[in-house]
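# Coordinate inspection notes
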Amino acid sequence: MEPVFRSLEIAAGLVVRATGTRITFRGLDNLPTTGGAVVAINHTSYVDFLPAALAATERGRRMRFMIKAEMEQVKPVGYLIKHTGTIPVDRRAGAGAYSAAVEALRRGELVGVYPEATISRSFELKDFKTGAARMALESGVPIIPLIVWGAQRIWTKDHPKSLGRKKIPVSVAVGEPIWASGSVTQIDDTLRAAMSALLEQTHQGYAEPAGAYWVPNRLGGSAPTPAEAKLLDEAELAERARKRASEATGNNGRASEATGNNGRASEATGNN
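Quick summary incoming for the structure in this document. Quick caveat: nothing in here was measured; it's all calculated off a predicted structure.

### Overview of the overall build of the protein chain
- Tallying secondary structure elements over the protein chain gives seven helices and eight strands in all.
- Counting over 272 residues, the protein chain shows a buried share of 41%.
- When contacts within the protein chain are restricted to residue pairs at least 6 apart in sequence, those whose partners lie at least 24 apart make up 74%.
- Of the roughly 14,600 Å² of accessible surface on the protein chain, 55% is carried by carbon and sulfur atoms.

### What about the side chain of D188?
- Mapped onto the fold, D188 is located in helix α6 (residues 184–204).
- The charged side chain of D188 is buried without a salt bridge, its nearest counter-charge being R192 at 7.8 Å.
- Not counting chain neighbours up to four residues away, the residues in contact with D188 comprise F128, K129, T130 and A133.

### Structural notes on the packing of helix α5 (residues 131–139) against α6
- Put simply, α5 and α6 touch, their axes get as near as 9 Å, and they point 115° apart. Every pair of crossing elements has a handedness; the one defined by α5 and α6 is right-handed. Across the interface between the two elements, A132, A133, R134 and L137 from α5 touch V184, I187, D188 and L191 from α6.
- Looking at the contact of α5 with α6 residue by residue, the class counts come to six nonpolar, no polar and two charged.

### Structural notes on the packing of aromatic side chains
- Summed over all chains, the structure comprises three aromatic pairs.
- Relative to W155, the ring of Y46 lies with its centre 4.9 Å away and its plane at 45°, an arrangement referred to as tilted. In this pair, Y46 is assigned in the loop between β2 (37–41) and α2 (49–58) and W155 in the loop between β6 (142–149) and β7 (169–174), connecting sequence segments 109 residues apart.
- Residue classification places Y46 among the partly exposed positions, given a relative accessible area of 38%.
- Taking the centre distance of 6.3 Å and the plane angle of 85° together, the rings of F49 and F65 count as edge-to-face.

Basis of the calculations
- Chains are numbered independently. Their residues run from 1 in the order of the written sequence.
- A pLDDT threshold of at least 70 governs which residues receive local features in this predicted model, and a stricter bar of 80 or more applies before side-chain atom pairs are shown or counted, although totals over entire chains, interfaces and linings include all residues.
- Side-chain measures were taken over the full set of non-hydrogen atoms in the model, leaving aside hydrogen atoms and water.
- Strands are runs of DSSP state E lasting at least two residues, helices are runs of H or I lasting at least four, and both sets are numbered from the N terminus onward.
- Accessible area is worked out with a 1.4 Å probe on protein chains only. A residue is then buried under 20% of its type maximum, exposed over 50%, and partly exposed in between.
- Residue contacts are defined here by distance: any two heavy atoms, one from each residue, within 4.5 Å place the two residues in contact.
- Using a 1.4 Å probe, the Shrake-Rupley method yields the accessible areas, and only the shown protein chains count as cover for residues.
- His is not counted, nor are the chain ends; Lys and Arg add positive charge and Asp and Glu add negative charge.
- In what follows, salt bridge is the name for a side-chain nitrogen of Lys or Arg lying within 4 Å of a carboxyl oxygen of Asp or Glu.
- Axis definition: a line fitted to C-alpha atoms, limited for helices to the stretch in contact. Angles are taken between N-to-C directions and run from 0 to 180 degrees.
- Each crossing is labelled by how the near helix is turned from the far one, with a counterclockwise turn of less than a right angle marking it left-handed and a clockwise turn marking it right-handed.
- Lys, Arg, Asp and Glu make up the charged group, whereas Ala, Val, Leu, Ile, Met, Phe, Trp, Tyr, Cys and Pro make up the nonpolar group; the residues left over, Gly among them, are polar.
- Put simply, two rings from Phe, Tyr or Trp (the six-membered ring, in Trp's case) pair if the centres are within 6.5 Å, and we call them stacked under 30 degrees between planes, edge-to-face over 60, tilted for the rest.

Encoded structure:
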């Protein structure tokens, strides 16, 4: 029954109704009702996991997501991770999470994966990591491509959140299963082509006003181009590294002060 997961499903439904979010699903039959599968999801928003999870709910399934391990330190989130089968990922040592995901797939679970790893500022598909392909190959399950579109209007990088009863439409499109065979590169190429085609089909059925920040640049929106977005990503990573180095230096400085104080204490002891 998984009471915590069930409570989350109920809460998700209430949130969708309260905000007036209109989620439309296409291709749900491509999500298997039994057995394991890697669900490969595009990443444009902080909340695109919700429509993807609800697609699984529509099929009577539950999706186990992979989430960065740091979130375990947030007590409420840590509790949910522990009780919903969510798989924490330590980006410095991801082998454990990878093995946990493969085991979940072999048990017949749906595992949600973001091949792009981080949010796309251009709202186009970024370069893919190979995790989805490798997991499918090792566990012997298919990859299900899934596109979420419109969630970036609710909450994404570099823009204010648009919460409340905004009635923002969100489209979810599920593609045909891709059975993992051949090399990881071949599987990745096939997956990317399938997700690209799904994304283009979704654009055609979604009103996208010219100049809107959430519309890709090539479609007349004001989102950064993929090349511009890559530069923004690199600047963000550099700033994070700078902050980590600064914090480490600060800690070292405090440690040195403490050592100095201990030295003065020793001198005082000697004088006594």
